[in-house]
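Residue-level structural notes
The lines below spell out each chain.
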Amino acid sequence: MKEIILIAVSAILVENFVLTKFLGICPFLGVSKKSSTAIGMGGAVVFVMTLSSIVTWSVNEYLLKPYDLAYLQTIAFILVIAALVQFVETVLKKFMPALYKALGIYLPLITTNCAVLGAALLNMERNYTLVQATVFGFAAAVGFTLALILFSGVRERMETSDIPIAFQGLPITLIAAALVSVAFVGFSGLFGI
């Protein structure tokens, strides 16, 4: 149980995909302008990353390894992720059209979100069990969502701030992202990881 908690805390804080591994930057910068869209994207990523961790682990264990097809890992994982994203996109379009519209192009981009693929590949690299892989995928997605929500708050606050013209727009966004990232780097070593 201690190992599972350590994996979860590590994935959320110490190995945060966006703020320490710099994976998934495109949706991080694109969807973090408003807290509502950040929460919606975070929910979609949690669903896709958790389910993809389970499915990719199963595909690897029961299909790729037994038939010596490990070299197809990346392709197989991308297909699984793409199918899950299509499912999420269809559900959001049908049941939450406002969120679907707000997420726009960033929703199908979850397919190419390197954070989702990174979680699946890290599960295999670390030889996690199904439970460990599921916890890692879920916790990594929670960390991704945490980064989105925190940064959306920072960006909403920056909209009301007096920012010099030279720094307005992308420059101040990247500076703020760097400062939030530095704060998360402070978690490394905190849990003996």
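Structure: above.
Summarised in this report is the structure supplied together with it.

Here is what the cut-offs are and how they apply
Residues numbered from 1 in each chain as written. Predicted model: local features only at pLDDT ≥ 70, side-chain atom pairs only at ≥ 80, totals over all residues. Heavy atoms only, no water. Helix = DSSP H or I, 4+ residues; strand = E, 2+ residues; numbered from the N terminus. Buried < 20%, exposed > 50% of the residue type's maximum accessible area, 1.4 Å probe, protein only. Phe/Tyr/Trp six-rings, centres within 6.5 Å; stacked < 30°, edge-to-face > 60°. Salt bridge = Lys/Arg side-chain N within 4 Å of Asp/Glu carboxyl O. Core = buried A, V, L, I, M, F, W, Y, C linked by side-chain atoms within 4.5 Å. Patch = residues over 30% accessible without salt bridge, like charges linked within 9 Å, V, L, I, M, F, W, Y side chains within 5 Å. Areas by Shrake-Rupley, 256 points an atom, 1.4 Å probe, with all protein chains shown as cover. Axes fitted to C-alpha atoms, helices over the stretch in contact; angles between N-to-C directions. Parallel < 35°, antiparallel > 145°, perpendicular 65-115°, else oblique. Left-handed = near helix turned anticlockwise from the far one by under 90°. Contact = heavy atoms within 4.5 Å. Nonpolar A, V, L, I, M, F, W, Y, C, P; charged D, E, K, R; others polar.

The next thing to look at is unusual backbone geometry. The backbone of Phe-22 sits at a positive phi, close to 60°, despite the residue not being glycine. By the secondary structure assignment, Phe-22 is in the loop between helix 1 (2–14) and helix 2 (25–31). Relative accessible area serves as the criterion here: at 51%, Phe-22 is assigned to the exposed category. The backbone of Asn-127 sits at a positive phi, close to 55°, despite the residue not being glycine. Considering the arrangement of structural elements, one finds Asn-127 in the loop between helix 6 (114–125) and helix 7 (130–159).

As a further point, take the packing of aromatic side chains. Going through the model one piece at a time under the given rule, you end up with six aromatic pairs. Ring centres of Trp-57 and Tyr-62 lie 6.1 Å apart, and the angle between their planes is 85°; on these two criteria the pair is classed as edge-to-face. A relative accessible area of 11% means that Trp-57 is categorised as buried. Note on Tyr-62: relative accessible area 59%, which makes it exposed.

What follows concerns the pattern of salt bridges. Counted according to the given criterion, the structure contains three salt bridges. Through salt bridges with shared partners, a single ionic network connects Glu-15, Lys-21 and Arg-126.

Now for the nonpolar core. Membership of the largest hydrophobic core comes to 55 residues, with the highest contact counts inside it found for Phe-28, Val-48, Met-49, Ile-110 and Phe-136. Counting residues per element, the ones that place at least two in this core are helix 1, helix 2, helix 3 (35–64), helix 4 (73–95), helix 5 (97–103), helix 6, helix 7 and helix 8 (170–185). Per element, the largest residue contribution to this core is 11 residues, and it comes from helix 7.

A cluster of nonpolar side chains, namely Phe-47, Leu-51, Phe-87, Val-91, Phe-95 and Met-96, defines an oily patch on the protein surface of about 550 Å² accessible area. Breaking the nonpolar patch down by element, the ones donating at least two residues are helix 3 and helix 4. By the element assignment, Phe-95 lies in helix 4. Judged by its relative accessible area of 61%, Phe-95 is exposed.

Quick look at the packing of helix 1 against helix 7 now. Relative to each other, helix 1 and helix 7 sit at 30°, their axes nearing to 7 Å. When the interaxial angle is binned, helix 1 and helix 7 end up roughly parallel. Between helix 1 and helix 7 lies a crossing of right-handed hand. Each of Glu-3, Ile-4, Ile-7, Ala-8, Ala-11, Ile-12 and Leu-13 in helix 1 lies in contact with helix 7, whose residues at this interface are Val-131, Gln-132, Val-135, Phe-136, Ala-139, Ala-140, Val-142, Gly-143 and Leu-146. Residue classes in the contact of helix 1 with helix 7 are distributed as 13 nonpolar, two polar and one charged.

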